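# An overview of the molecular structure
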Amino acid sequence: MKILHILSSDDQYGSAKSFLELLVKERQSNDVEPYVVIPRKNKIAEACEKNEVEYLVVDYEQFQIPKHDNALIFALKYTAHFLNYCVKNKKAIRKIAIFASSKGIDLIHTNSSVIDLGAELHNKLKIPHVWHLREFGKEDFNFYSLKKNTIQYMNCNTDRFLCISEAMKKNWVERGIDEKKITVICHGVDASKFTESVDKPSTVKVNGVMCGSFSKGKGQHILLEALNQLSEVEKKNIHVDFYGKAEGNYYETCMKKINEYKLEDVVSIKGFTSSMTEKLTKYNVGFNCSNAEAMGRVTIEYMLSGLCPVVSQSGANIEIVGDHNCGLMYKNGKTGLTEALRCLINNPSVISKYAQRGSKVAKELYDSNKNIDKIIETFRTEQSLYKNFQK
């Protein structure tokens, strides 16, 4: 089975990490031959070359874009993006169609909800299409679609939707996606790449970490505001390092809060790192303050590294942490998070308790080595159904 994977521009965060794990697994399969399409040469291209996977670089744009708070700026950006989308994607579809036909592609896989070329090619080439829904859209990235009747368009040009959590499924069904076409498979994380933290004495202070690029949806500001609510004595018993892309207006807002709240000795900004798995072992608590967590990948990474997860009561966090009682889940907002911080500071023994429970749950339920097989089997099923339907 020859699969054409079409990716967004992300080459270092959640969707990219999940795809690369899928790609490696496909290369190990005897009956799957993957091909990849990307909008620019990046780290995905490097991974393809390393794994001897043929790829095509062709310029194209997303059909869903973040909506700016300033109406005038958004109008200008929307107009420019829409024009680029119309021109670039029309050319891209022609090039990809030629490429797909020459390779005898059996199935198209779109890796993100923000790109629609897979749907266009499904209609043009009459090839089965599986569309991965990894983002809520408005709730996490405030996306705005360039297409009218987006949901109807998606339903009509997709054979199977893959949602990465039950929360994701619920969100898209409420928006109108055909529930009968949805399969929920939490991709998970490759457990073999993670090492648990060495057990620390219960008297150790909270040594926290928060991973993810600075964005309002990730909620770094909520953690800063919660830290500001602590007393000076409490602040001496906690430190949090922030990892992830640190730039833009939101990042500047967070830096102002750090200065305003005098948190220079309580937090550190570490920036992006490609060796996060090794660094996680230095911490005992991991924070996920997202207001709409899609899959909870970073939460699972904390759990596999032996950290106690502290997560917002949103999206997939509820499924991962709340349903299995393997971490602290707080009611969204600074008040709930402040209470969680005080719980850790005043009861350090809960850190190791939740860490041990979380590690066990993550290995049993969220190891991608188990779940990727389900994704590949879905590809096989959809190709088989399409073939039988065409007869």
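For the structure itself, look to the data block above.
A short tour of the structure in this document, coming up. (Residues numbered from 1 in each chain as written. Predicted model: local features only at pLDDT ≥ 70, side-chain atom pairs only at ≥ 80, totals over all residues. Heavy atoms only, no water.)

## Here we look at the environment of Ser-165
Condition: Segments assigned H or I by DSSP are reported as helices when at least four residues long, segments assigned E as strands when at least two residues long, and all are numbered from the N terminus. The buried label goes to any residue with under 20% of its type's maximum accessible area, the exposed label to any with over 50%, and the partly exposed label to all in between, with areas taken from a 1.4 Å probe on protein chains only. Residue contacts are counted whenever heavy atoms from the two residues lie within 4.5 Å of one another.
For Ser-165, the location among the structural elements is in the loop between strand E8 (160-163) and helix H7 (166-175). A relative accessible area of 2% places Ser-165 in the buried class. Between the alpha carbons of Ser-165 and Arg-134 there is a distance of 8.6 Å; along the sequence they are 31 residues apart. Apart from the residues within four sequence positions on either side, Ser-165 is in contact with Val-184, Ala-294, Ala-316 and Glu-319.

## Focus on the sheet that holds strand E9 (residues 182-184)
Backbone hydrogen bonds are what pair the strands of a sheet, in a parallel or an antiparallel way. Here is the rule we go by: When DSSP finds two or more bridges between two strands, those strands count as paired. Think of each axis as a best-fit line through the C-alpha atoms, taken over the contacting stretch in the case of a helix, with angles from 0 to 180 degrees between the N-to-C directions.
Across the sheet, which stays open at both edges, the 7 strands sit in the order E3-E2-E1-E5-E6-E8-E9 with parallel pairing between neighbours. What marks the edges here is a single partner per strand, and that holds for strand E3 (55-57) and E9. Recorded for the sheet is a direction-independent mean angle of 20° between the axes of neighbouring strands. As judged from the 4 bridges shared by strand E6 (residues 129-133) and E8, these two strands associate in the parallel manner. Counterpart to His-132 in the pairing with E8 is Leu-162. Against the sheet, helix H1 (residues 14-28) makes contact with strand E1 (2-6), strand E2 (33-38) and strand E5 (107-110), and its axis sits at roughly 150° relative to E2, the strand it touches most. The strands touched by helix H2 (residues 43-50) within the sheet are E2 and E3, with E2 carrying the most contacts at an inclination of about 155°.

## Here's the deal with the packing of aromatic side chains
For clarity, the threshold we go by: Centres within 6.5 Å are what make two rings of Phe, Tyr or Trp a pair, Trp counting through its six-membered ring; a difference in plane orientation under 30 degrees is then read as stacked, over 60 as edge-to-face, and the rest as tilted.
Enumeration over the complete set of coordinates arrives at 7 aromatic pairs. Ring plane angle 75° and centroid distance 5.2 Å describe the contact between Phe-214 and Tyr-251, whose orientation is recorded as edge-to-face. Within this pair, whereas Phe-214 is found in the loop between strand E10 (206-211) and helix H8 (220-228), its partner Tyr-251 is found in helix H10 (residues 249-260), the two being separated by 37 residues in sequence. By relative accessible area, Phe-214 is classed as buried at 9%. What links up through ring pairs into an aromatic cluster is the set Phe-63, Trp-131, Tyr-153 and Phe-161.

## Describing the sheet that holds strand E15 (residues 328-330)
Read across the open sheet, the 6 strands follow the order E12-E11-E10-E13-E14-E15; overall the sheet is parallel. The open sheet terminates on both sides in strands that have one partner only, identified here as strand E12 (267-271) and E15. Strand-to-strand, the axes of this sheet are offset by a mean angle of 20°, without reference to chain direction. The strands touched by H8 within the sheet are E10, strand E11 (238-243), E12, strand E13 (285-288) and E15, with E11 carrying the most contacts at an inclination of about 165°. Along the sheet, helix H14 (residues 334-346) contacts E10, E11, E13, strand E14 (308-312) and E15; its crossing angle with E15, the most-contacted strand, is approximately 155°.

## A closer look at a positive patch on the surface
Quick note on the threshold: Think of a patch as exposed residues, more than 30% relative accessible area, with no salt bridge, where like charges cluster within 9 Å and nonpolar side chains (Val, Leu, Ile, Met, Phe, Trp, Tyr) cluster within 5 Å. Computed with the Shrake-Rupley method and a 1.4 Å probe, the accessible areas treat only the protein chains shown as cover for residues. The working definition used for a salt bridge is a side-chain nitrogen of Lys or Arg within 4 Å of a carboxyl oxygen of Asp or Glu. Positive charge is attributed to Lys and Arg, negative charge to Asp and Glu, and no charge count is given to His or to the chain ends. To locate a charge, take atom NZ for lysine, CZ for arginine, CG for aspartate or CD for glutamate.
On the surface, Lys-90, Lys-91, Arg-94, Lys-95 and Lys-124 cluster together into a patch of positive charge. Tallying contributions element by element places helix H3 (residues 71-103) first for the positive patch, with 4 residues. By secondary structure assignment, the location of Lys-95 is in helix H3. Residue classification places Lys-95 among the exposed positions, given a relative accessible area of 52%.

## Structural notes on the nonpolar core
Selection criterion: Joining through side-chain atoms within 4.5 Å is the link that ties buried Ala, Val, Leu, Ile, Met, Phe, Trp, Tyr and Cys residues into a set, and such a set is a nonpolar core.
The biggest cluster of nonpolar side chains holds 46 residues, and the ones touching the most others in it are Trp-131, Leu-133, Met-154, Met-168, Val-209, Leu-280 and Ile-300. Broken down by secondary-structure element, the contributors of at least two residues to this core are E6, helix H6 (150-156), E8, H7, E10, helix H12 (297-304), helix H13 (316-322) and helix H15 (349-365). Element by element, the count of residues in this core is highest for H12, at 5 residues. Counting 35 residues, the second largest nonpolar core, distinct from the first, contains Leu-227, Tyr-251, Cys-254 and Ala-340.

## Focus: H14
To be explicit about the condition: For a helix, the expected span equals 1.5 Å multiplied by the number of residues minus one.
Between its terminal C-alpha atoms H14 stretches 18 Å, which fits the 18 Å expected from 13 residues at 1.5 Å a residue. Within H14 the residues assigned to the buried category are Gly-336, Leu-337, Thr-338, Ala-340, Leu-341, Leu-344 and Ile-345.

## Considering the environment of Ser-18
The topology assignment puts Ser-18 in helix H1. The exposure class of Ser-18 is buried, given its relative accessible area of 2%. Each C-alpha atom of the pair Ser-18 and Ile-151 lies 24 Å from the other, and the pair is 133 residues apart in sequence. The residues touching Ser-18, leaving out its near neighbours within four places in the chain, are Arg-134, His-187 and Arg-297.

Any functional reading would require information that these geometric values do not contain.
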